[in-house]
Each structure stands twice: as structure tokens, then as C-alpha cells.
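Okay, here's what each chain looks like letter by letter:
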Amino acid sequence: VEGALADYQYARFSLAAQVAKVWFDITGTHQLVEVARVNVANLESVSAITESRFKAGTVTKLDTSLAKSDASRARAILALANQDLEESIRLMQT
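The following paragraphs examine the structure supplied in this document. Throughout this document, residue positions are counted from 1 along each chain, in the order its sequence is written. Side-chain atom pairs in this predicted model are given and counted only at pLDDT of 80 or more, local residue features only at pLDDT of at least 70, and totals for whole chains, interfaces and linings cover all residues. Side-chain figures throughout are based on the complete set of non-hydrogen atoms in the structure, without hydrogens or water.

**Topic: the environment of A76**
Item 1. As for its position among the elements, A76 is in helix 2 (residues 61-93).
Item 2. Along the backbone, A76 and L15 are 61 residues apart, and their C-alpha atoms lie at a distance of 34 Å. A helix here means a DSSP run of H or I that spans at least four residues, while a strand means a run of E at least two residues long, and both kinds are numbered starting from the N terminus.

**Remarks on the packing of aromatic side chains**
Item 1. Stacked, tilted and edge-to-face are the three classes assigned to paired rings of Phe, Tyr and Trp, where Trp is represented by its six-membered ring and a pair needs centres within 6.5 Å; plane angles under 30 degrees give stacked, over 60 edge-to-face, the rest tilted. Overall, the coordinates contain 1 aromatic pair when judged by the stated rule.
Item 2. Each ring, one from W23 and one from F24, has its centre 5.1 Å from the other, and the planes form 75°; the classification is edge-to-face.
Item 3. Residue class for W23 comes out partly exposed when judged on its relative accessible area of 47%.
Item 4. Here the term buried applies to any residue with accessible area under 20% of the maximum for its type, exposed to any over 50%, and partly exposed to those in between, with areas from a 1.4 Å probe on protein chains only. Since its relative accessible area comes to 55%, F24 is described here as exposed.
Item 5. The positively charged end of K61 is found above the aromatic ring belonging to F54, 5.2 Å away from the centroid. When the NZ atom of lysine or the CZ atom of arginine is within 6 Å of a ring's centre and also within 35 degrees of its normal, the charge is said to sit over that ring.

**Observations regarding the pattern of salt bridges**
Item 1. By definition here, a salt bridge exists when the distance from a side-chain nitrogen of Lys or Arg to a carboxyl oxygen of Asp or Glu is within 4 Å. Across all of its chains, the model carries 6 salt bridges by this definition.
Item 2. With its nearest N and O atoms 2.9 Å apart, the salt bridge here joins R75 to E44. Here E44 lies in helix 1 (residues 2-56) and R75 lies in helix 2, a separation of 31 residues in the sequence.
Item 3. The exposure class of E44 is partly exposed, given its relative accessible area of 36%.
Item 4. R90 is the partner of E87 in a salt bridge, and the nearest nitrogen-oxygen pair spans 2.8 Å. Of the two residues, E87 and R90 are both situated in helix 2; the distance of 3 residues between them amounts to about one turn of the helix.
Item 5. By relative accessible area, R90 is classed as partly exposed at 43%.

Take a look at the structure:
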């Protein structure tokens, strides 16, 4: 009986620890998604400003290409962060 009780308590604590880990993963990943979302917005704004300045002749085509590349990279990072968040949520549901 004592062995069964110990197994039961171990299972409860193990489950609680797993739920807590996944919850922290979700919370942390959600924060990363929000930071990535803000970063995308900022870099898209920089890209638009750089394009306007290129049209006005104050920056080079290289500057616009770099700004577009930075925005594109930020969108890719956001997509990966969203995938990580979805995976963490799926883990919580199982």
C-alpha cells in the first residue's frame, strides 16, 4: 500500500512539473512572439522610410536592399516563433 501511495504521489508531482514546464515554455515563447512582432513592424517601417529616401536620392539601392532583407529576416523569425508557440500549446493539450 505504501509503495502504491508513493507511486501515486510521484506521478502527481511529475505531472505537475510537466504542466509547469510547458506553461513556462508557452509564456516565454509568447513573449518572444510579441517581441518578434514589434521587430517586424519596426523593420518594415525602416524599409519603407529607406525606400522613400532612395526615391528622394538620399540613400543608395544597397541601403534599401539591406532594409528589405532585415525586414524579411524578421518576418522569418516571427514565423518560427509562432511555430514554436503552436508546438508548446499542442504539448500542453496532450
